[in-house]
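Topology and contacts: notes
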Amino acid sequence: MPPDGHHPHGHRHPVSFDPTVTDHDRHEPTPLPGRPFRLGIGGPVGSGKTALTAALCRALGPDVNLAVVTNDIYTTEDADFLRAAGVLDPDRVEAVQTGACPHTAIRDDITANLDAAERLQERHPDLELIIIESGGDNLTAVFSRGLADRQIFVVDVAGGDKVPRKGGPGVTTADLLVINKVDLAEHVGADMTVMVADAHRMRGDRPVTTQSLTRTPDAPDVAGWVRQQLAVPLGV
Amino acid sequence: MPTIRNGLAVLALADARLPNGGHVHSGGVEQAAASGLVTTVEDLREFLYGRLRSAGFTSAVFAAAATHAAANGEVDWLVLDAELDARTPSPAQREASRAQGRGLVRAGRAAWPSPALDTLVAVTGRPHHPLVLGVLAAAAGTEPWAAALVAGYQSVSGPSSAAVRLLGLDPFAANAVLVDLSGELDRLADTAAALAHLPPGDLPAPGSPALDLLAEAHHHHHREEVRLFAS
């Protein structure tokens, strides 16, 4: 069945049931007036989620009122990372314990993350953006639409250029796929052309961005994409 | 033993998949594992038995009392909530109970909304988990006994699952240990249901100093270290 839902025998279905069609989610979250935009950042361990979060805080922080919920295994080192980077007041960071199941905390039972987001809202009533960084997980981990309004999935070149080809809901359904650490491609024998082509093939018309935070520490492309999302009212 | 009415609600409330945030609480198992107190399935058996008889019983008694109160209308939720505070000496445990109560309120508002739930939240702010559970059980049309059963079961099912995740225990063996508590859980639910009508101050108050100490140690020692569970 084509992605527009037209059926050969004369009627149409509101959604496509063809698993090979990467159709957009038609069940957009309900707009909730007065609630900050919630952006999920997911991806495998070590792909650069925390570094991207820090970069976004640096790039957006001066003019967007933002805070961060981290699901990463949390030690003072993580807090120090954001503090030392000078990007975020520790008061704007909430850590969530995931009970050793990072995907559960962002997908099946989002309670702990919603609680953390609400605590940030109570402390900073004028928040515009809450970045929710997932714990490092596998390619099947995606954010519930009840938790994240939009989500970014981060994979890295050093994890192997076959990762986009493997697919999984993270790669195929995230609102933005970021291929990170492209500066390492030549050192790990990764073929960027193949990697990017695979990513586009798996994602249809959904956007793919490549970046190296070594070369562009403020993640200008991703920051620009986030600004676009913030400019659109939720649910539109 | 009573016949369970509205069994689906009872099963859903007891289900580990109920999205109420329970999966991030280990009920002391994370600290017990870190301290070397629970390392094997046999250790887990002893731990769960003790937890069911103490924290589990307290939780079951207050869940049953809340179901009874919600069904009969006349209750001072602040008093019931405060009496559970008084039976929970560890601040970390009180916080864990209120955090799970908040999560259950969120799930309950979507699945079993009721005026009693609204009143409970309006009066207490962040009610203890067993009170929320009891009120939801009443809204679902079931009895204090079933609320006590769920509360007692949850007092050991979550910690058992946490032990599997933290220690890599054989899940079949851990499940068998959990199921061995069946008779104890029935007796506990019977007792809790029989006491549900008592004034809050007269409800039982079993102590579990070891669990209190584990909860406090978890809170203090793990602030600077990796913590995978909230309690």
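Residues numbered from 1 in each chain as written. Chains lettered and ligands numbered in written order. Predicted model: local features only at pLDDT ≥ 70, side-chain atom pairs only at ≥ 80, totals over all residues. Heavy atoms only, no water.

In the annotation of an unreviewed UniProt entry, chain B is listed under the name Urease accessory protein UreF and assigned to Actinophytocola xinjiangensis. A UniProt comment under Sequence similarities (unreviewed entry) is attached to chain B, and it reads "Belongs to the UreF family." In the Subunit (unreviewed entry) part of its UniProt record, chain B is described as follows: "UreD, UreF and UreG form a complex that acts as a GTP-hydrolysis-dependent molecular chaperone, activating the urease apoprotein by helping to assemble the nickel containing metallocenter of UreC. The UreE protein probably delivers the nickel." (UniProt positions renumbered as here; feature names shortened; annotations may be inferred.)

Within an unreviewed UniProt entry, the label attached to chain A reads Urease accessory protein UreG, and the organism entered is Actinophytocola xinjiangensis. The UniProt entry for chain A carries the following text under Function (unreviewed entry): "Facilitates the functional incorporation of the urease nickel metallocenter. This process requires GTP hydrolysis, probably effectuated by UreG." Here is the UniProt Subcellular location (unreviewed entry) comment for chain A, exactly as written: "Cytoplasm".

**Here we look at the overall build of chain A**
Each helix and strand counted, chain A has nine helices and seven strands in total. Taking all contacts inside chain A whose residues are at least 6 apart in sequence as the whole, residues at least 24 apart take part in 77%. Just so you have it, chain A exposes about 10,400 Å², and 55% of that area is on carbon and sulfur atoms. (Helix = DSSP H or I, 4+ residues; strand = E, 2+ residues; numbered from the N terminus. Contact = heavy atoms within 4.5 Å. Areas by Shrake-Rupley, 256 points an atom, 1.4 Å probe, with all protein chains shown as cover.)

**Overview of the sheet that holds strand E7 (residues 208-210) of chain A**
All names here are of chain A. The parallel open sheet is built from seven strands, whose spatial order is E3-E2-E4-E1-E5-E6-E7. Each of the sheet's edge strands pairs with one partner strand only, and the pair in question is strand E3 (93-95) and E7. For this sheet, the mean inter-axis angle between neighbouring strands, taken without regard to orientation, is 20°. When strand E2 (residues 66-70) meets strand E4 (residues 129-133), the two strands line up parallel, connected through five bridges. Residue Val-68 lies in a different strand from E4, and its bridge partner there is Ile-131. Most of the contacts of helix H4 (residues 111-123) go to E3, to which it runs at about 155°, and overall it touches strand E1 (37-42), E2, E3 and E4. The strands touched by helix H9 (residues 220-231) within the sheet are E1, E4, strand E5 (150-156), strand E6 (176-180) and E7, with E5 carrying the most contacts at an inclination of about 165°. (Pairing = 2+ DSSP bridges. Axes fitted to C-alpha atoms, helices over the stretch in contact; angles between N-to-C directions.)

**As for the packing of helix H4 (residues 77-86) of chain B against helix H6 (residues 115-124) of chain B**
Residue and element names in this part refer to chain B. Two elements in contact, H4 and H6, have axes whose closest approach is 9 Å; the angle formed by their N-to-C orientations is 65°. It follows that H4 is roughly perpendicular to H6 by the angle criterion. The chirality of how H4 crosses H6 is right-handed. Contacts between H4 and H6 involve Trp-77, Leu-78 and Asp-81 from the first element and Ala-116, Thr-119, Leu-120, Val-123 and Thr-124 from the second. For the contact of H4 with H6, the residue count by class is five nonpolar, two polar and one charged. (Parallel < 35°, antiparallel > 145°, perpendicular 65-115°, else oblique. Left-handed = near helix turned anticlockwise from the far one by under 90°. Nonpolar A, V, L, I, M, F, W, Y, C, P; charged D, E, K, R; others polar.)

**A few points about the interface of chain B and chain A**
Counting residues at the interface gives 19 residues for chain B and 19 residues for chain A. For the pair chain B and chain A, the summed buried area comes to about 1,500 Å², and 53% of that belongs to carbon and sulfur atoms. Here chain B and chain A share five salt bridges between them. On the surface where chain B and chain A come into contact, there are 12 residue pairs in polar contact (both at pLDDT 80 or more). The greatest single-element share of the side of chain B that touches chain A, amounting to four residues, is contributed by helix H5 (residues 91-111) of chain B. Its residues assigned to classes, the side of chain B that touches chain A comprises eight nonpolar, five polar and six charged. (Buried area = accessible area lost by both parts, 1.4 Å probe. Salt bridge = Lys/Arg side-chain N within 4 Å of Asp/Glu carboxyl O. Polar contact = N/O pair within 3.5 Å; in protein donor to acceptor, adjacent residues only side chain to side chain.)

**Thoughts on the UniProt feature "binding site: GTP" (unreviewed entry) in chain A**
Residue and element names in this part refer to chain A. Taking the UniProt record as the reference, the feature "binding site: GTP" (unreviewed entry) is found at Gly-43, Pro-44, Val-45, Gly-46, Ser-47, Gly-48, Lys-49 and Thr-50. Among the secondary structure elements, Lys-49 is positioned in helix H1 (residues 49-60). Each residue touching Lys-49, except ones within four places of it in the same chain, is listed here: Ile-41, Gly-42, Gly-43, Pro-44, Glu-133, Ser-134, Gly-135, Gly-136 and Val-154. Along the chain, the position of Thr-50 falls in helix H1. Residue class for Thr-50 comes out buried when judged on its relative accessible area of 19%. Contact partners of Thr-50, with chain neighbours within four places excluded, come to Asp-72, Phe-81 and Glu-133. (Buried < 20%, exposed > 50% of the residue type's maximum accessible area, 1.4 Å probe, protein only.)

**Examining helix H8 (residues 192-203) of chain A**
Residue and element names in this part refer to chain A. With 12 residues, H8 extends 16 Å from end C-alpha to end C-alpha; this agrees with the ideal 16 Å at 1.5 Å per step. Considered for burial, the residues of H8 that qualify are Met-195, Asp-198, Ala-199, Met-202 and Arg-203. Viewed end-on, H8 has its buried residues packed into an arc of 115°, placing them on one side of the element. Along H8, exposed side chains directed more than 90 degrees from the buried face belong to Thr-193 and Arg-201. If you follow the buried residues of H8, they end up packed against E5, helix H5 (163-166), helix H6 (169-173), E6 and E7. (Expected span 1.5 Å × (residues − 1). Arc of directions from axis to C-beta.)

**Brief notes about the side chain of Thr-53 of chain A**
All names here are of chain A. Positionally, Thr-53 belongs in helix H1. Within the structure, the side chain of Thr-53 is placed 2.8 Å from the backbone oxygen of Lys-49, a separation counted as a polar contact. When sequence neighbours within four positions are dropped, the list of residues in contact with Thr-53 reads Ile-41, Val-68, Ile-131 and Glu-133.

**Concerning unusual backbone geometry**
Residues and elements named next belong to chain A. The backbone of Lys-181 shows a phi angle near 60°, a positive value even though the residue is not glycine. Backbone geometry at Ala-219 places phi at a positive 45°, although glycine is not the residue there. In this fold, Ala-219 is placed in the loop between E7 and H9. The class for Ala-219 is buried, based on a relative accessible area of 0%.

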